[in-house]
Amino acid sequence: MAKKEYFEWTESLFDPEKTFEKPEALEGLKIVELCTLVLGPSLPAYLSELGATVFKVEIPGMGDTMRSLTPFAKFFKGAALGWLKEARNKYHLGLDVHPEDGKQVFMDLVARSDVVVENLRSGTMDRWGIGYRQLKKINPKLIYIALNGFGQWGPYMERPSYDAIAQAESGMAWISGFPDKLPMKSGIWVADLYGGLNGAVSVLAALNHRDKTGEGQFIEISQAENMVRSLDWTWLYQHFTGNGRERYGNRDVAICPSDIFQCQDEMVAIAAATDEQFKGLCQAMGKPELAEDGRFATHPARLKEENATVLLESIRTWARENNYAQIDELAGKHHFAAQKVSTNKDHFEDEHLRKRNFTYTIEDLVYGEITQEGVVPKMSETPARIKWTGRPVGFHNEYILKRVLGYSSEKIKALKDDKVIGKWVDTPLGRKPPEDWDGKSGLPLA
Amino acid sequence: MSDKDKSEKWSEWIREKDDPTKASGKPEALEGLTVLDCSNSSMSGLFASSYLAEFGAEVIRIEPPEGDPAREFSPWGYMHMGTGLGYLNEGRNKYHVTLNLKEPAGQQAFKTLAKRADVIIETFLPGTMDEWGIGYRQLSVDNPKLIYCALYTYGQFGPKASCGKADVDVVNQAYSGVTAVSGEPQNGAEPSPSEVPTKAGNWMGWYAGGAWAGLAIMAATHFRHLKGKGQFIDISPAEAFGRNINYGITYWQAFQQTLPRVGNLDVGIFPYTFFKCKDGYAFLAGFADINWKAFCTIIERLDLRERYPTVFDRLNLDNMKVMYKEIEKWTLARTYDEIFEAVMEYNRTIGVGVVVPGKLCSPKDAMGTHNWWERGVLIKQNDPHYGELTIANMPHKMTGSPPRVKWVCRPVGADNDYIFNKKLAWGPTKLKEMKEQGII
């Protein structure tokens, strides 16, 4: 039972219970975030899970607009769900960078940090005197990443953008959804959250470069361009055939079979990407002869429109006659792919995802017990982790100014009196601490 | 900063320094890193190694002698010189060798390569490489600095890790939770064929997995630089895409409700959707109070602002439908260009609040859009083997160590001679022998 032993070993190697005994991959890396909404803030959130220290700079009072993003305006303990998930592990500084004193605080922070992340329109930070050109003078090793809709230069650089525009203008929305219906926007802010992810990869590429050379650099990412890169075979297909890529519902026209089917009790994705997997599926269906049939024996044959249609129809019929438990078991036995379409309830209840810290519960000092989408990479030496979820605007002001920057109490008071730094407002919702907060829990140096 | 710098417009200054057409000749972020990519029938492993290769690593693609089944992933089976388009797109900068990892001689050769490799990527069912004696457990004994990344829908541990089911993009999308909240809602008692949870058209689950693998591998190389230790990385592409969800699990915890599918609407923002216009569809957004006021001003419907003054009013699904119809009256009377101009004119001249316009484009439109070519996002590459191709460049523009595409792909085993000679000193006799034995 080599396999059994393998899983015992991996269970122990990756055991989430041991997370806090182990170091963090990005320990010591300091990131200053001057971002709003989702594209920018998601990037430091990802890196914070790997151990980076993130200082999130927000306008005093209202803070990040993202603090309003929550489904049907329903808040969890006064916090917006769309914000909470991307605010984890961050230190929150309520700082206005417009006045000179505010710029100085920002620059003091950048001087002691490794990475700056901003998502303003091209040239805004430069105009404010705190752009890359100015900051690299005070911190030559700085890695500076600017994320926005269309980049720092070029015909579209003046255009504002949101996630859905990146989905729309890259062509991604066009190729999603059903042929006889409108192009479909994803149900998530995919260009934001996947854009931030790809931005994070380039920050780490730059960090690897800095490890070797000591040199920092400037990076730009456009949300829409990021989606253009993710559209797999689209551009080659159009290059060779001159045809446009359209949308094909849940069917994958480059892998066959691959579709989402209705079984007795669930919608279930079923696929076979190799001949071996396909043979397994045919056996599971009780039709091993299909794998020998000339129309389906090879993948290129299965992909032909006329063959694919017949094949998918027979799987559709089979799926309708079975429930998910049956299909799931057969897929494991015969090594093809099958997975029911999972909801947030499924994720909440999934023991597998809980064991893996994807469904991740923490007891937060401010928000109490909270369960979220957790960490993706399971790393044997440097496991990713959540320490706290988001904090109210300006929650860490004193901590950052005293502990990190070493400002005197007098100086901090002056900044407060001049409204250069500040904390939350009570309205709109999403800025202040929860009602049951005791006024000190979670406050470092309180 | 020189005087020239001070006077120079930011956009011009930065373009001079990060235009991707100037990437060649600059240093590469991952120069000197050696990667063995044993991905099998998985675009997530291939995308992860594309990341590393585009940032300068020496990536050796290891395929079985008959080629990776992923070479057959292609729309309707379209092949270009024997390779499918999905694979062709992710062969970038990689050396392509073949090695039969099921045979002892192939395993032995792999072990030797792995002793001096920095990173291994694989996508087999968990435990497969381990059973062959070439998993992390065995390889890390001789090479403790090794970073080993395995990608699989259900990961390397946890109750489902041993389930035996295959990893294909669509199951990653289905398990991620994103599919359940994407697509048209069901209107009648029976769903029409399109009123179902709907996946993203591209291989979004696999690509998210590949991007997270790239991120984790680079975090591990940084850690190794500091501490001298390698490690084992376990990535589930389903979790990778699931991490990109807006919100889900906490919503269940707080309200015991699943999130509904709302088609092209958004449960957290309105207006934030596509509106039909004379010649297509325009995306328009103006959600926060100040932006909503700007929106209503532009479409000359301040009455809508009176009726739906707060975000709470605007996030009611029934209200959304009413507002949608009213806004569409304005868009239907205009072309996309007229809408774009009216909105941008407001942003330029009045500028209190901001309304954001965009165009719903087909990939065909996108390929004809000057901006992407000007920015080096879409590029034509003359590949030494596959000829002229149009591909998307990596989206990162970097001043110091930018990514770049040197070649697009290589045929199965094309680099066997070069790599096995360089790494294992195999000469013509040995190469011939290994070929005859079906090892390469």
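As the structure is a prediction and not an experimental result, all values here were calculated from the model.

## Some remarks on the domain arrangement of chain A
Per the domain assignment, the segments making up chain A are domain 1 (7-230 + 359-417) and domain 2 (258-346). Centre-to-centre, using C-alpha coordinates, domain 1 of chain A lies 40 Å away from domain 2 of chain A.

## Topic: the packing of aromatic side chains
Applying the stated criterion to the full structure yields 48 aromatic pairs over all chains. With a centroid separation of 5.2 Å and 80° between ring planes, the pair formed by A:Tyr46 and B:Trp212 is classed as edge-to-face. Pair noted here: A:Tyr46 is in helix H2 (residues 39-49) and B:Trp212 is in helix H9 (residues 204-227), and the two residues belong to different chains. Arranged with centres 4.6 Å apart and planes meeting at 35°, the rings of B:Phe47 and B:Tyr207 form a pair that is tilted. Taken together, the residues B:Phe47 in helix H3 (residues 43-54) and B:Tyr207 in helix H9 connect sequence positions 160 residues apart.

## Let's talk about the sheet that holds strand E9 (residues 337-340) of chain A
Residues and elements named next belong to chain A. Taken in spatial order, the three strands make up an open sheet running E7-E8-E9, and their pairing is antiparallel. In this open sheet, the two edge strands, each paired with only one partner strand, are strand E7 (258-262) and E9. Averaged over all adjacent pairs, the angle separating strand axes in this sheet is 20°, with direction ignored. Relative to strand E8 (residues 267-271), E7 runs antiparallel, the two being bridged by five bridges. For Asp259, the partnering residue across the bridge sits in E8 and is Ile270. Sitting on the sheet, helix H14 (residues 324-334) is in contact with E8 and E9, with an inclination near 150° to E9.

## Let's talk about the sheet that holds strand E5 (residues 94-98) of chain B
Strand order across the open sheet formed by seven strands is E12(A)-E8(B)-E7(B)-E6(B)-E1(B)-E2(B)-E5(B), with mixed pairing between neighbours. Where the open sheet ends on each side, the last strands, each with one partner, are strand E12 (378-379) of chain A together with E5 of chain B. As paired strands, E12(A) and strand E8 (residues 231-235) of chain B are joined by two bridges and run antiparallel to one another. Opposite A:Lys378, over in E8(B), you have B:Asp234 as the bridge partner. Across the sheet, helix H5 (residues 104-115) of chain B touches strand E1 (34-38), strand E2 (58-63) and strand E6 (119-122) of chain B, and the angle it forms with E1(B) is around 150°.

## Examining the interface of chain B and chain A
Listed by partner, the interface residues are 184 residues for chain B and 185 residues for chain A. Three residues, B:Trp76, B:Phe157 and B:Arg243, lead the burial of chain B against chain A; their summed loss comes to 6% of the area buried on that side. Two residues, B:Lys229 and A:Glu381, come together in a salt bridge whose shortest N-O distance is 3.1 Å. Applying the counting rule to chain B against chain A returns 91 residue pairs in polar contact (both at pLDDT 80 or more). Sorting elements by how many residues they give to the side of chain B that touches chain A places H9(B) first, with 16 residues. A class-by-class count of the residues in the side of chain B that touches chain A yields 99 nonpolar, 55 polar and 30 charged. Bridging between strand E6 (residues 217-222) of chain A and strand E14 (residues 397-398) of chain B involves two bridges; their strand directions are antiparallel. Pairing of A:Glu220 across the sheet is with B:Lys397, part of E14(B).

About the cut-offs
Residues numbered from 1 in each chain as written. Chains lettered and ligands numbered in written order. Predicted model: local features only at pLDDT ≥ 70, side-chain atom pairs only at ≥ 80, totals over all residues. Heavy atoms only, no water. Domains from an automatic or database assignment. Phe/Tyr/Trp six-rings, centres within 6.5 Å; stacked < 30°, edge-to-face > 60°. Helix = DSSP H or I, 4+ residues; strand = E, 2+ residues; numbered from the N terminus. Pairing = 2+ DSSP bridges. Axes fitted to C-alpha atoms, helices over the stretch in contact; angles between N-to-C directions. Contact = heavy atoms within 4.5 Å. Buried area = accessible area lost by both parts, 1.4 Å probe. Salt bridge = Lys/Arg side-chain N within 4 Å of Asp/Glu carboxyl O. Polar contact = N/O pair within 3.5 Å; in protein donor to acceptor, adjacent residues only side chain to side chain. Nonpolar A, V, L, I, M, F, W, Y, C, P; charged D, E, K, R; others polar.

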